[in-house]
Amino acid sequence: MRLQRLLALALSLAVFLFLAWAPFPALAETKLPVVATFSILADFARQVGGDKVEVKELVGPNGDVHVYEPTPADAKNLGAAKLIVVNGLHLEGWMARLIAASGAKAPVVVATEGIIPRQGVIEGATGIDPHAWQSVANARIYIGNILAGLIAADPADADYFRARAKTYDTALDATEQEVRAAVAAIPPQRRKIITTHDAFGYFGAAYGFEFIAPVGFSTESEPSARDIARLIAQIRREHAPAVFLENISDPRLMQRIAKESGAKIGGELYSDSLSPPNGPAATYIDMMKHNIIALKKALAPNS
């Protein structure tokens with residue numbers, strides 16, 4: 001019995017020594033909590049941040065950031081964030097109040113910093129177009145600003161973030177080439193498009209399209225009967241070939257305009273948000289490709 005006790009003691013000691021000297025398993029890596037105001041910005045942050053970040057968006061897929069109403073959960077997420085990413089250019093009019101209410105102390109990245117904003121006259125007043133992401137060249141500026149914010153918030157992973165941003169920039173360059181190749185197949189006289197609200201001005205300026213909309217830069221406003229009648233007359237007069245729906249808007253207005261003007265419905269465009277993960281525009285690059293394919297299909301001869 002004594003021998004058995006000695007053997008058991010020896011075995012226990014061996015187990016103790018093994019556990020004492022064995023390397024401890026790696027602790028789960030803490031990811032940087034990032035909050036982005038809407039799905040397109042969230043995708044940009046994930047593309048650069050990769051496995052080092054946990055990104056939450058306030059306005060999810062197919063959501064309309066213009067008319068969004070924040071929730072208590074949004075305030076909680078902002079309070080826990082170490083970095084907040086906003087578009088700026090007066091897109092998120094509700095964001096300053098939400099940050100104040102949440103007590104958030106995280107630095108705020110304004111993703112459009114450095115972009116020259118497009119302006120227009122809406123209901124007699126000059127307004128700023130916030131939809132700058134609709135140009136791939138501007139998307140690169142978004143990425144640069146988000147990269148700088150991530151590095152400032154997590155300097156230890158700066159090289160990782162830079163490498164991912166460089167890889168994503170290569171993907172954006174390939175997307176730009178695809179967009180321009182598709183545009184080349186559409187005759188200039190057919191690059192006149194009607195959408196629900198004025199969300200594609202940067203796209204039009206970059207790629208040679210004219211977008212006409214019954215609603216201004218924000219979906220908060222509603223067109224009057226006179227505005228709609230004027231637009232229908234313009235479509236007939238200028239022979240605009242197609243009317244496009246938007247993923248964030250009620251399709252009935254555009255269906256009515258198409259019916260009364262004689263223009264065909266060319267499909268659905270993604271303007272202010274991405275699709276759900278199983279949809280055709282789950283990422284920014286997917287969105288740009290989907291939109292240009294829809295435009296080419298509706299406008300290019302023999303498509």
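As for the side chain of Arg191
Looking at the secondary structure, you find Arg191 in the loop between α6 (158-184) and β7 (192-194). Look at Arg191: it is buried, it has no salt bridge, and the nearest opposite charge is Glu210 at 11 Å. A distance of 2.8 Å separates the side chain of Arg191 from the backbone oxygen of Ile186, its partner in a polar contact. Apart from the residues lying within four places of it in its own chain, the contact partners of Arg191 are Val183, Ala184, Ile186, Tyr207, Gly208, Phe209 and Glu210.

Description of the sheet that holds β7
Judged by pairing direction, the sheet is parallel, and its four strands sit side by side in the order β8-β7-β9-β10 without closing on themselves. Looking along the sheet, the strands with just one partner apiece sit at the ends: β8 (210-212) and β10 (264-269). With direction set aside, neighbouring strand axes in the sheet form an average angle of 35 degrees. With two bridges connecting them, β7 and strand β9 (residues 242-246) associate as parallel partners.

Thoughts on the confidence of the model for the chain
Per-residue pLDDT for the chain averages 87, and the proportion of residues at 70 or more is 86%. Under a pLDDT of 50 for its full length, residues 6-27 has, in the predicted model, zero contacts with residues more than four places off or in other chains.

Observations concerning helix α2 (residues 39-49)
Two residues of an α-helix separated by three or four positions point the same way, owing to the 3.6 residues in each turn. When you tally the buried positions in α2, you get nine out of eleven residues, the bulk of the element. Tucked inside the fold, the buried residues of α2 contact β1 (32-38), β2 (53-59), β3 (83-86), α5 (136-153), α6 and α10 (284-299). Once α2 ends, the next one or two residues include Gly50, with phi positive near 55 degrees.

Observations regarding helix α3 (residues 72-80)
Three or more residues of α3 are buried, namely Asp74, Ala75 and Leu78. Seen along its axis, α3 keeps its buried residues to an arc of 100 degrees; they face one direction. Projecting away from the buried face of α3 at angles above 90 degrees are the exposed residues Pro72 and Lys76.

A few points about the sheet that holds β2
Hydrogen bonds between backbone groups are what pair the strands of a sheet, and the pairing can be parallel or antiparallel. Overall, parallel pairing links the four strands, which are arranged β2-β1-β3-β4 in an open sheet. For this open sheet the edge positions go to β2 and β4 (108-110), each flanked by a neighbour on one side alone. Shown here is a sheet whose adjacent strand axes are inclined to one another by a mean of 20 degrees, direction ignored. Where β1 lies against β3, three bridges are found, and the strand directions are parallel. Bridged to Val35 within β3 is Ile84. Of the strands in this sheet, β1, β2 and β3 are in contact with α3, which crosses β1 at around 135 degrees.

Some words on the pattern of salt bridges
Applying the stated criterion to the full structure yields eleven salt bridges. Put simply, Glu57 and Arg46 hold a salt bridge, and the shortest N to O gap is 2.8 Å. Taken together, the residues span a long stretch of sequence, with Glu57 in strand β2 and Arg46 in helix α2 at a distance of eleven residues. Within this structure, Arg118, Asp129 and Asp198 form a network of salt bridges that share partners.

A short note on the pairing of β9
With five of five residues buried, β9 lies mostly within the body of the structure. Alternating residues of β9 divide into Ala242, Phe244 and Glu246 and Val243 and Leu245, and every residue in both groups is buried. Note that β9 and β10 share five bridges and pair parallel. Bridge pairing links Ala242 to Lys264 in β10.

Each value, and the rule that gives it
Residues numbered from 1 in each chain as written. Predicted model: local features only at pLDDT ≥ 70, side-chain atom pairs only at ≥ 80, totals over all residues. Heavy atoms only, no water. Helix = DSSP H or I, 4+ residues; strand = E, 2+ residues; numbered from the N terminus. Buried < 20%, exposed > 50% of the residue type's maximum accessible area, 1.4 Å probe, protein only. Lys, Arg positive; Asp, Glu negative; His and termini not counted. Salt bridge = Lys/Arg side-chain N within 4 Å of Asp/Glu carboxyl O. Polar contact = N/O pair within 3.5 Å; in protein donor to acceptor, adjacent residues only side chain to side chain. Contact = heavy atoms within 4.5 Å. Pairing = 2+ DSSP bridges. Axes fitted to C-alpha atoms, helices over the stretch in contact; angles between N-to-C directions. pLDDT = per-residue confidence, 0-100. Arc of directions from axis to C-beta.

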